[in-house]
Amino acid sequence: MASLYDLDQHTRDLLTLDTFLKQITVKEFVEGLTEDHTIQESNGRTAAINPKPYIRTFEASLEALDRISAELNSREQKIHHDARQADAAHQRTVAATEAQCHALTNQFSDLDLLVSEVASTTTSLGEAVDLVSRQRNRAASSQFIIKCYISFLENDPSVVENMRTGSFEDQRQCAITVRQLLRIARKINNIPRAAVARENIEKYAEMVERELLKMFDKAYRSADMSSMKAVAGILTEFNGGASVIQIFVNQHDFFIMKDKLLHESMTDDDSLWQKLCDPTCEDPPFDTATKELLDEIRITVKKESLIIKRVFPHPFSVLRVFLQRLFAQTIQQRIELILSHAKSISTLAYLRTLQNAHKEIGALVEDLKAILKPDLDHGGGLSMLLDQNMQDVFVPYIENRQYIDTEKRSLQELTSVMLARFNNYHLNRKTTKNHKLLNKLGTVTGRERWAKNKNTGN
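Residues numbered from 1 in each chain as written. Predicted model: local features only at pLDDT ≥ 70, side-chain atom pairs only at ≥ 80, totals over all residues. Heavy atoms only, no water.

Here's the deal with the overall build of the protein chain
1) Next: A count of helical and extended segments in the protein chain gives 16 helices and zero strands.
2) Next: Each of the 458 residues in the protein chain was classed as buried or not, and the buried ones make up 32%.
3) Next: Intrachain contacts of the protein chain at a sequence separation of at least 6 include 70% that bridge at least 24 residues.
4) Next: Taken as a whole, the protein chain presents about 30,200 Å² of accessible surface, with 55% of it coming from carbon and sulfur. (Helix = DSSP H or I, 4+ residues; strand = E, 2+ residues; numbered from the N terminus. Buried < 20%, exposed > 50% of the residue type's maximum accessible area, 1.4 Å probe, protein only. Contact = heavy atoms within 4.5 Å. Areas by Shrake-Rupley, 256 points an atom, 1.4 Å probe, with all protein chains shown as cover.)

Have a look at this one:
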């Protein structure tokens, strides 16, 4: 029987495990075993098939395949054995790990319970410490307030005066102390000289407020934003900030300058008022000085809103007062001025000026909303205020049918003027026609008289 070593190299390479791992088909395998057994004759034709090489090759191949099968079976058994051992070891490891996890979970639960108990004890202790600390601070504050009250009772405010002349933080503490003393002094009436202490505290409170306002005004004039912010914060804690808001608005350069120029900037442009009186003018102009004033208001609000946001702890309250002052004083007085002048010229000029003023101030309100809304008008309160201020400016001119009556009167005046022109035109035309007729009649009469005289002479 032929052996594997009697086979050629190609067949030996074919009879290996690697060949079958390549997923070779049976047909390909058989063709590979027999591809070299065809005998060629000298003339190139295929000779008759000799079965012996095929038999030897197949016998040797079968023997090799048996060995490969046995080897594979042995490997498979060994792998199964190793897999069973590995699975058993894995099961033991899982069981041990599960036991450890349960033990760790139990330990963690015990530790968490212990930590919770410690935290509860610590929280209670912390609350007790905070309570004691607050009581201690309240007692110290009460002791200090009593000491300050006694010093005012003796007309010696040196205790708080040292704070008032110190840093901004000391001045803030001084303002808070004086505010508390005022509240206490107004409640105490049953001890000797309580009225004296109350009077001294009130005078000192007025002095503190006055000095703080002077500091704010000085910082405002020197553009010291940090000092303005510090003083504004102190006054806000002292009395709500009403006094510092008033001084900021009242001393603003815009209102001071505009109060001087408001009645001096009346336009003398006769062409403007002529166009307003002309009913054929389709697009009547608006007062130039008033438009410039509204443009300056836009610039001022944009600039001052940034300063107010930076300086005051509650910018909404400051802007509210500032805008109300703009509308109630500057805008309303200017509108009253130009409308009074327009009314003295004609009713049509008055109505057109009123319409243009409403249009221009409406545009101003929308521009101010756009300026304030991103940072300062989160709740829409300032937008509502602007709308209300605009309505307040024009209410005196439209309430109780005033506007309707004015429109009616204007139409009557225009109709009267146009009818008068119409009547004058036709009257002039009729007069001219009569004059021509009389001239013609006079000429005819003259000719007849001349002819009569001529006939009489003859």
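Having seen the structure, we can now continue with the description.
A few points about empty space enclosed by the protein
1) Next: This model, assessed by the stated rule, comprises one cavity of 30 Å³ or more.
2) Next: Here the largest cavity defines a volume of roughly 30 Å³.
3) Next: Taken together, Arg 164, Gln 171, Val 208 and Leu 212 make up the lining of the largest cavity.
4) Next: Taken together, the residues that form the lining of the largest cavity break down as two nonpolar, one polar and one charged. (1 Å grid on protein atoms, 1.4 Å probe; cavity = no way out; pocket = protein on both sides within 12 Å on 5 of 7 lines; lining within 4 Å. Points joined across faces, edges and corners; volume = space filled by probe spheres on them. Nonpolar A, V, L, I, M, F, W, Y, C, P; charged D, E, K, R; others polar.)

Section: the packing of helix 7 (residues 194–221) against helix 8 (residues 225–239)
1) Next: Running from N to C, helix 7 and helix 8 cross one another at 155°; their axes reach a closest spacing of 9 Å. Judged by the inter-axis angle, helix 7 sits roughly antiparallel to helix 8. The chirality of how helix 7 crosses helix 8 is left-handed. Touching Ala 205, Glu 209, Leu 212, Leu 213, Met 215, Phe 216, Ala 219 and Tyr 220 of helix 7 are Ser 227, Met 228, Val 231, Ala 232, Ile 234, Leu 235, Phe 238 and Asn 239, all from helix 8. (Axes fitted to C-alpha atoms, helices over the stretch in contact; angles between N-to-C directions. Parallel < 35°, antiparallel > 145°, perpendicular 65-115°, else oblique. Left-handed = near helix turned anticlockwise from the far one by under 90°.)

Re the layout of surface pockets
1) Next: Of the pockets and cavities examined, the largest pocket occupies roughly 290 Å³.
2) Next: Looking at the largest pocket, it is lined by 16 residues, and the ones nearest its centre are Asp 283, Pro 284, Arg 352, Gln 355 and Asn 356.
3) Next: Those elements that provide at least two residues to the lining of the largest pocket are helix 14 (347–372) and helix 16 (402–457).
4) Next: Top contributing element to the lining of the largest pocket by residue count: helix 14, with seven residues.

Some words on the confidence of the model for the protein chain
1) Next: In this model, the protein chain carries a mean pLDDT of 80, and residues with pLDDT of at least 70 account for 82%.
2) Next: Least confident of the elements in the protein chain is helix 16, whose mean pLDDT is 65; most confident is helix 8, at 92. (pLDDT = per-residue confidence, 0-100.)

A short note on the packing of helix 13 (residues 315–345) against helix 15 (residues 381–398)
When two helices pack together, their arrangement is captured by the angle between the axes and the distance separating the axes.
1) Next: Viewed as axis vectors pointing N to C, helix 13 and helix 15 meet at an angle of 25°, and their least axial separation amounts to 10 Å. The angle between helix 13 and helix 15 places the two elements in the roughly parallel class. For the element pair helix 13 and helix 15, the recorded crossing hand is right-handed. Contacts between helix 13 and helix 15 involve Phe 316, Leu 319, Arg 320, Leu 323, Gln 324, Phe 327, Gln 332, Ile 335, Glu 336 and Leu 339 from the former and Gly 381, Leu 382, Leu 385, Leu 386, Asn 389, Met 390, Asp 392, Val 393, Pro 396 and Tyr 397 from the latter.
2) Next: Its residues assigned to classes, the contact of helix 13 with helix 15 shows 13 nonpolar, four polar and three charged.

Regarding the environment of Val 301
1) Next: Its place among the elements puts Val 301 in helix 12 (residues 288–311).
2) Next: Owing to a relative accessible area of 1%, Val 301 belongs among the buried residues under this scheme.
3) Next: In the structure, Val 301 is positioned 71 residues away from Leu 372 in sequence and 8.6 Å away in space, judged by C-alpha atoms.
4) Next: The residues touching Val 301, leaving out its near neighbours within four places in the chain, are Phe 322, Leu 323, Leu 326, Leu 368 and Leu 372.

Here we look at the pattern of salt bridges
1) Next: For the coordinates displayed, the defined rule picks out 14 salt bridges.
2) Next: The residue Arg 75 makes a salt bridge to Glu 71 at a minimum N-O spacing of 2.8 Å. Residue Arg 75 and its partner Glu 71 are both found in helix 4 (residues 51–153); the two are separated by four residues, about one turn of the helix.
3) Next: Exposure remark for Arg 75: the relative accessible area of 42% places this residue in the partly exposed category.
4) Next: Residue Glu 71 is classed as partly exposed on the basis of its relative accessible area, which comes to 40%. (Salt bridge = Lys/Arg side-chain N within 4 Å of Asp/Glu carboxyl O.)

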